[in-house]
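Structural characterization, general
Next come the chains, spelled out residue by residue.
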Amino acid sequence: MLRSCSKNEFERYTDFIYELATDLTKSGYPTYCDGIKTKVEFVERSLKAFVRDTEHMLLFEYEGEVQGMIHCFWIPEDQYLQTICFNISEAIEQAIAEFLTYVRERFKGYDVFLRFPAENNSAVNYLAGQGFECIENDFNNTAFLEKFDAIRKTGDLIRIDKGNYELFESLHRQTEGYWNSERMLADLDNWIILVKETDGISQGAVYYRAVALVDGWFELYGIDMSQEDNNPELFKELLNAALIDAKHRNGRFMTFFCDEEYEKATVECGFFCVGNNLCYKAHLE
């Protein structure tokens with residue numbers, strides 16, 4: 001059974017739910033196995049469900065016992081809904097089925113996004129068996145910036161601002177998703193974008209931003225390259241530039257979700273792989 005979770009109930013079950021959050025086989029994304037987030041951040045983020053109108057927390061009971069928690073948020077203007085905690089000890093298939101029933105009744109017309117580690121076999125097998133579209137299959141990586149040499153060679157890259165935004169836009173329009181060129185331009189003060197240019201032509205771009213949850217934490221959102229073929233050397237040059245730039249900003253950590261074809265190059269740049277991230281999308285009719 002799925003039901004609303006009160007603040008008192010959350011506090012009662014915090015230790016149990018956080019223990020699940022540190023087990024890739026029992027939890028969803030974002031993971032607390034990344035070497036960055038701690039129980040303090042888990043509690044801080046979870047408590048926002050009780051003060052925000054666009055978030056909700058649910059408890060899942062099975063055979064009379066609490067087996068886990070689901071925390072979701074939504075963006076009404078985009079008809080977007082995502083889970084940010086899906087930690088279930090037993091019967092996760094039933095928990096997913098009940099959650100989908102819950103959101104279908106309340107969020108008709110929305111797109112819902114569920115993200116799980118590939119290690120959570122029960123969850124991903126259930127979603128695949130139900131015909132859900134897997135829209136993202138990549139690898140979650142963490143870099144500890146204090147270990148990086150600040151004089152590592154990165155080449156000359158251009159910092160993007162509103163005056164030269166077209167250098168980035170010409171690349172990003174080839175690959176843009178939710179964070180498209182228009183959204184990023186409107187929010188440019190919160191982005192660090194670096195572009196490699198040769199003879200007036202943009203060859204590649206790397207872009208990242210701070211994560212508010214932990215001081216000194218950045219997430220790299222993407223690397224765009226003009227070449228259609230695999231180019232690991234350019235990829236590594238752009239990735240190294242972002243790492244060193246973040247270190248100069250007193251960064252402590254960087255997260256990067258990388259496609260499989262560039263995972264080897266990412267690890268060679270000093271990241272460690274947390275695990276395989278899978279994102280499933282469903283439209284709520």
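Criteria and thresholds
Throughout this document, residue positions are counted from 1 along each chain, in the order its sequence is written. Thresholds applied to this predicted model are a pLDDT of at least 70 for local features of residues and 80 or more for the giving and counting of side-chain atom pairs; totals over whole chains, interfaces and linings are not thresholded and use all residues. Hydrogens and water molecules were not included; the side-chain quantities draw on all heavy atoms of the structure. Put simply, DSSP marks the helices as runs of H or I at least four residues long and the strands as runs of E at least two long, and each gets a number from the N terminus on. For the exposure calls, accessible area comes from a 1.4 Å probe over protein chains only, and a residue counts as buried if that area is under 20% of its type's maximum, exposed if over 50%, partly exposed in between. Contacts were defined at the residue level, with two residues in contact if any of their heavy atoms lie within 4.5 Å. Per-residue and other accessible areas were derived by the Shrake-Rupley procedure at a 1.4 Å probe size, with only the shown protein chains allowed to occlude residues. Charge counting treats Lys and Arg as positive and Asp and Glu as negative, with His and both chain ends excluded. One atom stands in for each charge, and that atom is NZ of Lys, CZ of Arg, CG of Asp or CD of Glu. When a carboxyl oxygen of Asp or Glu lies within 4 Å of a side-chain nitrogen of Lys or Arg, that pair is called a salt bridge. Only protein atoms enter the 1 Å grid used here, on which a cavity is any set of points holding a 1.4 Å probe that cannot leave and a pocket is any open set flanked by protein within 12 Å on both sides along at least five of seven lines; residues with an atom within 4 Å of a point are listed as lining. Grid points are joined across faces, edges and corners, and a volume is the space filled by probe spheres set on the points. Polar here means any residue other than Ala, Val, Leu, Ile, Met, Phe, Trp, Tyr, Cys and Pro, which are nonpolar, and Asp, Glu, Lys and Arg, which are charged; Gly is therefore polar. In this text, buried Ala, Val, Leu, Ile, Met, Phe, Trp, Tyr and Cys residues form a nonpolar core when linked through side-chain atoms within 4.5 Å. Pairs of strands are assigned from DSSP output, requiring at least two bridges between the strands.

The subject of this paragraph is the overall build of the protein. Assigned secondary structure in the protein consists of 8 helices and 12 strands. Its C-alpha atoms put the protein at 65 × 40 × 35 Å along the principal axes. By the burial criterion, 53% of the 285 residues in the protein qualify as buried. Put simply, 66% of the contacts in the protein that link residues at least 6 apart link residues at least 24 apart. Entry remark: accessible area of the protein is about 13600 Å², with carbon and sulfur atoms responsible for 45%. Counting 28 positive and 50 negative side-chain charges, the protein places the centres of these two groups 4 Å from one another.

Below, the discussion takes up the side chain of Glu 219. Mapped onto the fold, Glu 219 is located in strand 10 (residues 217–225). Here Glu 219 occupies a buried position and makes no salt bridge, while the nearest side chain of opposite charge, Arg 115, is found at 6.2 Å. Residue contacts for Glu 219: discarding those within four places in its chain leaves Tyr 208, Arg 209, Val 211, Thr 255 and Phe 257.

Here the focus is empty space enclosed by the protein. By the definition in use, this model includes 1 cavity of 30 Å³ or more. Each pocket or cavity is described by its volume, and for the largest cavity that value is around 90 Å³. Lining the largest cavity are 13 residues; nearest its centre among them are Pro 30, Tyr 32, Phe 42, Ile 84 and Cys 85. For the lining of the largest cavity, the element with the most residues is strand 4 (residues 80–88), which contributes 4 residues. A class-by-class count of the residues in the lining of the largest cavity yields 7 nonpolar, 5 polar and 1 charged.

Moving on to the nonpolar core. By size, the foremost hydrophobic cluster in this structure holds 30 residues, and its most contacted members are Leu 81, Phe 86, Ile 96, Phe 99, Leu 114 and Phe 116. Those elements giving two or more residues to this core turn out to be strand 2 (55–62), strand 3 (65–75), strand 4, helix 3 (92–106), strand 5 (111–117), helix 4 (121–129) and strand 12 (272–283). A total of 7 residues in this core trace back to one element, the largest contributor, which is helix 3. In this structure Phe 99 touches Leu 2, Leu 58, Ile 70, Cys 72, Leu 81, Thr 83, Phe 86, Val 112 and Leu 114, once residues within four positions along its chain are discounted. Core analysis: the next-biggest nonpolar cluster, separate from the first, contains 27 residues, Leu 194, Val 206, Met 225 and Ala 241 among them.

Counting buried residues along strand 3, 9 of its 11 residues qualify, which places the element largely inside the surrounding structure. Alignment of strand 2 against strand 3, held across 8 bridges, turns out to be antiparallel. Among the inter-strand pairings, Leu 58 is bridged to a residue of strand 3, identified as Ile 70. Linking strand 2 to strand 3, which pair antiparallel, is a turn of 2 residues; within it Glu 63 sits at a positive phi near 50°. Relative to strand 4, strand 3 runs antiparallel, the two being bridged by 8 bridges. In the sheet register, Ile 70 faces strand 4, and the bridge partner there is Phe 86.

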